[in-house]
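Inside the fold
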Amino acid sequence: MLIESHKIASHNDDLLKSHKNKLVFTASEIADTETIIQKLIDFQIAIPSWALGTGGTRFGRFPGGGEPRSLEEKIEDVGLLHALNNSSGAISLHIPWDIPTDYQAIKILAAQHNLKFDAVNSNTFQDQADQAHSYKFGSLQNVNKAVRKQAIAHNIEVIQQGIALGSESLTVWLADGSCFPGQLNFRRAYQNTLESLEEIYAALPSNWKMYLEYKCAEPNFYSTTVADWGQSYSYVKKLGDKAFTLVDLGHHLPNANIEQIVALLLMEEKLGGFHFNDSKYGDDDLTAGALKPYQLFLIFNELVEGMDARGMNHAKDLGWMIDASHNVKDPMEDLLQSVEAIMVAYAQALSVDRKALEIAQNENDVVTAQEILQNAFRTDVRALVAEARLRSGAALNPVGLYRDLAVRNGLIKERGFKTVATGL
């Protein structure tokens, strides 16, 4: 299913007068809006292939109809999102859920939708039908060397899949850990994991990056082998210059200061990228910014300051991706909402008066520092985000146009009501 450009243009014409009025007011409140708008146009957030279908809980899953049944249909769905917001110009594949049968055809299809291939993701958190050994007691940490070798080989295969598609990074997330005290020797598990990661790292092309994700709990309940940012940092520091920590916003204990974690990893040149989502209790994979928008802004505040201090390109030097699970929403609408929330938080961070904030910090003026950040957060920057979309040919109101065009109904007509996205 394609969204014709004239439908986007007609949608924008209907909203243009109201939008321009809002833009004029916003420009009167924020300095250097043109620079912010250009940065927003350049900023792209990758969509994970597994987020295009309805997720679920361990108790049940309720597919929503019209879900993508193949890699080709997943690419088409991301193409739809990108046509609506022009901020979703990449897709992140999960192997073995998304193995192409014809790499050239897949690359051509992606190019037709103006999409690139972001990080490829390995999967050693579940057993596949044809594998020789089970990951029930871990993969890269497993006490059985044969299991470790199998997991290493899978990751190297994922790298080869990514090379064929034009990806330049590998994301490793491990479900490894233990459920009970005494089940695992922590030091040996760390050593086994490091040795396994070293073999995978050695297979990386020179222009590639490895992202090592961490998670404090689940699916194991007593320990996880890469439990927090410090453990991830310990691994990637030993691995080398191509290894980085990946921050998933849902992978933290309650009240963790994620913005401080981000600042330190960036300072140490070991921050690789993000999985954006939101949470209330644990790793809930909810819509980005739905529950903690101020935290999301504070994270971006540290990112903008830290990247600028190092002369980094905001759009290219870190990996930006959503990692969400949609249990009760239309996945496409949820992804559009997440992208919007991320862009808003980024725009707010770009609007912070850095010089004034630095002066307040140097003078220990806590009240002024707080006022500067909260004023930026409370300023409505949605007109800037919408203007960035307008200038790049996307929709002023992506969710509104998605609904006006009845996109989900169109997908159901094409694919059927009782479809289940592959890989989930």
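Before going further, it helps to examine the overall build of the protein. A tally of helices and strands in the protein yields 15 helices and 11 strands. Its C-alpha atoms give the protein a radius of gyration of 22 Å, near enough to 22 Å, the size a compact globule of 424 residues would have. Counting only C-alpha atoms, the protein reaches 65 × 60 × 40 Å along its principal axes. Relative to its 424 residues, the protein shows a buried fraction of 52%. Put simply, of all contacts in the protein between residues at least 6 apart along the chain, 79% involve residues at least 24 apart. For the protein, the accessible surface area stands at approximately 19300 Å², while carbon and sulfur atoms represent 52% of it. In the protein, 39 side chains carry a positive charge and 53 a negative one; their mean positions are 3 Å apart.

With that settled, the discussion passes to the layout of surface pockets. One number sums up the size of the largest pocket: a volume of about 1200 Å³. Lining the largest pocket are 37 residues; nearest its centre among them are Lys215, Glu218, Asp283, Asp285 and Ser325. The residue inventory of the lining of the largest pocket, partitioned by class, reads 11 nonpolar, 16 polar and 10 charged. Within this model, the second largest pocket holds a volume of roughly 720 Å³. Ala90, Lys116, Asp118, Ala315 and Lys316 are the residues nearest the centre of the second largest pocket, which is lined by 26 residues in total. Every element with two or more residues in the lining of the second largest pocket is listed here: helix H2 (33-42), strand E3 (116-117), strand E7 (209-213) and strand E11 (319-322). In the lining of the second largest pocket, the residues fall into 10 nonpolar, 9 polar and 7 charged.

It is worth spelling out the side chain of Asn220 at this point. Here Asn220 is to be found in the loop between E7 and strand E8 (223-224). Residue classification places Asn220 among the buried positions, given a relative accessible area of 13%. Separated by 2.6 Å, the side chain of Asn220 and the backbone oxygen of Ala175 make a polar contact. In contact with Asn220, other than residues within four places in its own chain, are Ala175, Asp176, Gly177, Ser178 and Cys179.

This next bit is on the nonpolar core. With 106 residues, the main nonpolar core has Phe274, Phe276 and Phe300 as its most contacted residues. Looking at which element gives the most residues to this core, the answer is helix H10 (residues 331-350), with 12 residues. Apart from residues lying up to four places away in sequence, Phe276 is in contact with Leu249, Ala288, Leu296, Phe300, Trp320, Met321, Ile322, Asp323 and Ile342.

We now examine the sheet that holds E11. Strand order in this open sheet of 6 strands is E4-E5-E7-E9-E10-E11, and the pairing throughout is parallel. Among the strands making up the open sheet, the edge pair consists of strand E4 (120-121) and E11.

Attention now moves to the packing of helix H8 (residues 258-267) against helix H9 (residues 293-309). In contact at an axis separation of 8 Å, H8 and H9 are set at 15° when each is read in the N-to-C sense. By the angle between their axes, H8 is roughly parallel relative to H9. For H8 against H9, the interelement crossing comes out right-handed. Facing Ile258, Glu259, Val262, Ala263 and Leu266 of H8, the residues of H9 in contact are Gln295, Leu298, Ile299, Glu302, Leu303, Gly306 and Met307. When grouped by side-chain class, the residues that make up the contact of H8 with H9 number 8 nonpolar, 2 polar and 2 charged.

Our next topic: the packing of aromatic side chains. Under the counting rule described, the total for this entry stands at 16 aromatic pairs. Between Phe276 and Phe300, the aromatic rings sit 5.7 Å apart at their centres with planes inclined by 5°, giving stacked as the arrangement. A residue pair is termed long-range when its members are at least 10 positions apart, and Phe276 in strand E10 (residues 271-276) and Phe300 in helix H9 qualify at 24 residues. Phe300 matches Phe276 in its accessibility class, with the two residues each being buried.

Tallying each qualifying case throughout the model produces 2 cavities of 30 Å³ or more. Of the pockets and cavities examined, the largest cavity occupies roughly 40 Å³. Listing elements by their share of the lining of the largest cavity, those giving two or more residues are E10 and E11. For the lining of the largest cavity, the class distribution of residues is 6 nonpolar, 4 polar and 1 charged. One number sums up the size of the second largest cavity: a volume of about 40 Å³. Considering the residues around the second largest cavity, the lining is formed by Leu40, Ile41, Asn85, Asn86, Ser87, Met343, Val385, Ala388, Arg389 and Ser392. Counting only elements with at least two residues in the lining of the second largest cavity, the list comes to H2 and helix H13 (382-391).

Parameters at a glance
- Residues numbered from 1 in each chain as written.
- Predicted model: local features only at pLDDT ≥ 70, side-chain atom pairs only at ≥ 80, totals over all residues.
- Heavy atoms only, no water.
- Helix = DSSP H or I, 4+ residues; strand = E, 2+ residues; numbered from the N terminus.
- Rg over C-alpha atoms; globule rule 2.2 N^0.38 Å.
- Buried < 20%, exposed > 50% of the residue type's maximum accessible area, 1.4 Å probe, protein only.
- Contact = heavy atoms within 4.5 Å.
- Areas by Shrake-Rupley, 256 points an atom, 1.4 Å probe, with all protein chains shown as cover.
- Lys, Arg positive; Asp, Glu negative; His and termini not counted.
- Charge placed at Lys NZ, Arg CZ, Asp CG, Glu CD.
- 1 Å grid on protein atoms, 1.4 Å probe; cavity = no way out; pocket = protein on both sides within 12 Å on 5 of 7 lines; lining within 4 Å.
- Points joined across faces, edges and corners; volume = space filled by probe spheres on them.
- Nonpolar A, V, L, I, M, F, W, Y, C, P; charged D, E, K, R; others polar.
- Polar contact = N/O pair within 3.5 Å; in protein donor to acceptor, adjacent residues only side chain to side chain.
- Core = buried A, V, L, I, M, F, W, Y, C linked by side-chain atoms within 4.5 Å.
- Pairing = 2+ DSSP bridges.
- Axes fitted to C-alpha atoms, helices over the stretch in contact; angles between N-to-C directions.
- Parallel < 35°, antiparallel > 145°, perpendicular 65-115°, else oblique.
- Left-handed = near helix turned anticlockwise from the far one by under 90°.
- Phe/Tyr/Trp six-rings, centres within 6.5 Å; stacked < 30°, edge-to-face > 60°.

As far as function goes, none of this settles anything; it's purely spatial.
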